[in-house]
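Structural features, examined
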Amino acid sequence: MPLAATRNGEMTLGRVGGAPVVVSPTSLLLGLVIAASWYPLVSGALGDLGAVVVLGTVAATVIGAAISILLHELAHGLVGAALGRPPIRYELLLWGGRTSFGPPQRAWSPWRDAACSLAGPAANALLWIACRSALDSGALTTPAIHVALWAIAWLNLALAIFNALPGLPLDGGQALASLIAQATGNRAAGLKAAAWGGHAVVAGIAWLYLLQPLLIDHRRPSATSLILAAMVGWTIGSTSWRVLGLGGAQRAAARLDLRSLARPIATLPAAAPLARVGAALDDGAALALITDGPTILGTIDTAGLADLGAMGEGATAEQACTVLPAAAITTSLTGQEAADALKAARAVSRWLIVIDGGRMIGAVPTGAR
């Protein structure tokens, strides 16, 4: 299907199981980094075949990387759906990908989170095995295809191993936190252990990409290696820093409880007239949630209703509501995860819908206009 533009320059590729697959503009930078790091090797191996072959092989590698990352995220969603928590959004980002889940449809335990987290690296491991099998079969006689598939194979192996490392926000770190929570009943202890694991991963990245080349190999690290190490190290280190509460803002976020900030919601059918929506808001609801059976169509608040005065008395709630983005719904109630959800919602909505135990308990104003 054709690409569909969304807010913030994102593009929607389509839907898988009802969940949109969204590509962020920042993912293009990741593609450029992969292309820049791979081009010299391809040029050295296939330069005699011409620039078109070299560029085509690099492009095929980048596309293969994107498909590998997408399959990684789809694996998260597939296992989540099988265990009772279906995904609501897949994203391809600068740092790889992210899968967002809705509220669980059945009793949920931390070990299920661990299974969802490890499904992504497992998918990359299977892709590596498939690529290696194709290479070892001897059936690939075209040099360009052989080189591209070789690169994709090793990329998937790297994704599998790296994402399985026990540090936040990597899949292995999420799994470690969940398994500790399952064993001890203490979610905070699991997160702290995985956050320290994240700092250990950053130390390993610094050693491999900076200290070892300088101190052991006596050579200067390449610019591409330094950029990639800085990008990945910053993401992992900043996340672990926040979880451990090592900054003032993080200590404030640790005290956040969205339940204390939630305001009442009125749920109204799609066919409800705007006058009924206004009456619900006048009666104390901060936000009207417009539904068609179990499907949420959108929301209307007082500011939005004031902007709709010209629609006429016969207008319905369905015609007037604003679509509710996935980022405007959260099951994270407290601490840094709740603060992150509030920040993400601020970019797309005036309200953040709070879900507790599978039930919508209210809406928190994000401060967005």
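Provided above is the structure to which this section pertains.
All of the points below concern the structure found in this document. (Residues numbered from 1 in each chain as written. Predicted model: local features only at pLDDT ≥ 70, side-chain atom pairs only at ≥ 80, totals over all residues. Heavy atoms only, no water.)

1. Observations concerning helix α2 (residues 51-83)
Put simply, the rule reads: Only DSSP runs of H or I covering at least 4 residues are called helices, and only runs of E covering at least 2 are called strands; the numbering of each starts at the N terminus. A helix is expected to span 1.5 Å for every residue after the first.
If you check α2, its first and last C-alpha atoms are 48 Å apart, about what 33 residues at 1.5 Å a residue would give, namely 48 Å. Taken from the residues just after α2, glycine 84 is the one with a positive phi, measuring 110°.

2. Description of a nonpolar patch on the surface
For the record, the criterion: Each patch groups residues whose relative accessible area exceeds 30% and which form no salt bridge, using 9 Å between like charges and 5 Å between nonpolar side chains of Val, Leu, Ile, Met, Phe, Trp and Tyr. Here, Shrake-Rupley sampling with a 1.4 Å probe gives the accessible areas, and only protein chains in the shown set may cover a residue. Within this document, salt bridges are pairs made up of a side-chain nitrogen of Lys or Arg and a carboxyl oxygen of Asp or Glu, the two lying within 4 Å of each other.
A surface patch of nonpolar side chains, amounting to about 800 Å² of accessible area, comprises Trp207, Leu208, Tyr209, Leu210, Leu211, Leu214, Leu215, Ile216 and Leu226. Sort the elements by how many residues they give to the nonpolar patch and helix α6 (residues 187-216) lands first, with eight residues. Looking at the secondary structure, you find tryptophan 207 in helix α6.

3. A word on the pattern of salt bridges
Cut-off, in case you're wondering: Here's how the labels work: a residue is buried when its accessible area is under 20% of the maximum for its type, exposed when over 50%, partly exposed in between, all with a 1.4 Å probe on protein chains only.
Scanning the model with the defined rule gives seven salt bridges in all. One salt bridge connects aspartate 136 with arginine 132, and the closest N-O pair in it is separated by 3.2 Å. A residue pair is termed a helical-turn pair when its members lie 3 or 4 positions apart in one helix, as aspartate 136 and arginine 132 do in helix α3 (residues 110-136) at four residues. The exposure class of aspartate 136 is exposed, given its relative accessible area of 57%. Note that aspartate 257 and arginine 259 form a salt bridge whose closest N and O atoms lie 3.0 Å from each other. Judged by its relative accessible area of 40%, arginine 259 is partly exposed. Via salt bridges that share partners, Arg89, Glu91 and Arg98 belong to a single interconnected network.

4. Some words on the sheet that holds strand β11 (residues 359-365)
What counts is decided by this rule: Paired strands are those between which DSSP finds at least two bridges. Working rule for contacts: check all heavy atoms of both residues, and any pair within 4.5 Å makes them a contact. Think of each axis as a best-fit line through the C-alpha atoms, taken over the contacting stretch in the case of a helix, with angles from 0 to 180 degrees between the N-to-C directions.
Pairing in this open sheet of three strands is mixed, and the strands run β9-β10-β11 from one edge to the other. One side of each edge strand has no neighbouring strand; the edge strands of this open sheet are β9 (329-330) and β11. Bridge count between β9 and strand β10 (residues 351-356): two bridges; the pairing is parallel. Considered in β10, the bridge of threonine 330 is made with valine 354. Each of β9, β10 and β11 touches helix α12 (residues 335-346); the most contacted strand, β10, lies at about 145° to it.

5. A closer look at the packing of helix α5 (residues 171-184) against α6
We apply this condition: Convention used here: angles under 35 degrees read as roughly parallel, angles over 145 as roughly antiparallel, angles from 65 to 115 as roughly perpendicular, and any remaining angle as oblique. With the far helix as reference, a near helix turned anticlockwise by less than a right angle produces a left-handed crossing, and one turned clockwise produces a right-handed crossing. Residues are grouped as follows: Ala, Val, Leu, Ile, Met, Phe, Trp, Tyr, Cys and Pro are nonpolar; Asp, Glu, Lys and Arg are charged; every other residue, Gly included, is polar.
Remark: α5 packs on α6, axes separated minimally by 7 Å, with the N-to-C direction vectors making an angle of 150°. Relative to α6, the element α5 lies roughly antiparallel. With respect to the hand of their crossing, α5 and α6 are arranged in right-handed fashion. Facing α5, whose interface residues are Gly173, Gln174, Leu176, Ala177, Ser178, Ile180 and Ala181, α6 presents Arg187, Ala189, Gly190, Leu191, Ala193 and Ala194. Residues that form the contact of α5 with α6 fall into these classes: eight nonpolar, four polar and one charged.

6. A word on the packing of aromatic side chains
Quick reminder of the rule: Centres within 6.5 Å are what make two rings of Phe, Tyr or Trp a pair, Trp counting through its six-membered ring; a difference in plane orientation under 30 degrees is then read as stacked, over 60 as edge-to-face, and the rest as tilted. Charge over a ring is defined by NZ of Lys or CZ of Arg lying within 6 Å of the ring centre and within 35 degrees of the ring normal.
In total, this model carries three aromatic pairs according to the counting rule given. Aromatic side chains tryptophan 38 and tryptophan 150 sit 6.0 Å apart centroid to centroid with 20° between the ring planes, which places their arrangement in the stacked category. Here tryptophan 38, found in helix α1 (residues 27-46), pairs with tryptophan 150, found in helix α4 (residues 143-163); they are 112 residues apart in sequence, far enough to count as distant. Through a chain of ring-to-ring contacts, the aromatic side chains of Trp38, Trp128, Trp150 and Trp154 assemble into a single cluster. When the ring centre of tryptophan 108 is taken as origin, the NZ or CZ atom of arginine 85, which lies over that ring, is 5.8 Å away.

7. Examining the packing of α3 against α4
Remark: α3 packs on α4, axes separated minimally by 8 Å, with the N-to-C direction vectors making an angle of 155°. Here α3 lies roughly antiparallel to α4, going by the angle between them. Viewed along their axes, α3 and α4 form a crossing whose handedness is left-handed. Of the residues in α4, those touching α3 at Pro121, Asn124, Ala125, Leu127, Trp128, Cys131, Arg132, Ala134 and Leu135 are His146, Leu149, Trp150, Ile152, Ala153, Trp154, Asn156, Leu157, Leu159, Ala160 and Asn163. Among the residues making up the contact of α3 with α4, the classes are represented as 15 nonpolar, four polar and one charged.

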